[in-house]
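Fold and geometry: a report
Take a look at the letters that make up each chain.
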Amino acid sequence: MAIELKILGWATVLGFVYVFVAIGFATWQRGLKWNISNRDDASPPLGKYAERANRASRNFIETFPFF
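Described below are features of the structure shown in this document. (Residues numbered from 1 in each chain as written. Predicted model: local features only at pLDDT ≥ 70, side-chain atom pairs only at ≥ 80, totals over all residues. Heavy atoms only, no water.)

Secondary structure assignment for the protein chain yields 3 helices and 0 strands. In the protein chain, the succession of α and β elements from N to C terminus is α-α-α. A compact globule built from 67 residues would reach a C-alpha radius of gyration of about 11 Å, whereas the protein chain, at 15 Å, exceeds it by more than 25%. Reported as C-alpha extents along the three principal axes, the dimensions of the protein chain are approximately 45 × 20 × 15 Å. Of the contacts made within the protein chain by residues no fewer than 6 positions apart, 61% connect residues no fewer than 24 positions apart. Within the structure as shown, the protein chain displays about 5,500 Å² of accessible surface, and the carbon and sulfur contribution to it stands at 67%. (Helix = DSSP H or I, 4+ residues; strand = E, 2+ residues; numbered from the N terminus. Rg over C-alpha atoms; globule rule 2.2 N^0.38 Å. Contact = heavy atoms within 4.5 Å. Areas by Shrake-Rupley, 256 points an atom, 1.4 Å probe, with all protein chains shown as cover.)

Among the surface-exposed residues, Trp 10, Val 13, Leu 14, Val 17, Tyr 18, Val 21, Phe 25, Trp 28 and Tyr 49 lie close enough to one another that they form a single nonpolar patch of about 980 Å² accessible area. Looking at which element gives the most residues to the nonpolar patch, the answer is helix H1 (residues 3–30), with 8 residues. Counting through the fold element by element, Leu 14 comes out in helix H1. (Patch = residues over 30% accessible without salt bridge, like charges linked within 9 Å, V, L, I, M, F, W, Y side chains within 5 Å. Salt bridge = Lys/Arg side-chain N within 4 Å of Asp/Glu carboxyl O.)

Below, the structure written as structure tokens:
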């Protein structure tokens, strides 16, 4: 297998890790009831670690298509 395909595969795995960690922190902080709700009301702000995980996930999703 070409090295480029290996790098692409590992980058995809890393992207899923970023997304699932951000989801996990947000659910842990806001609760499962918030996660399954329709979110019509204002969401409570995220804490320090959850917000950092959310920013890292969004950053990866924005830059990954250029890869």
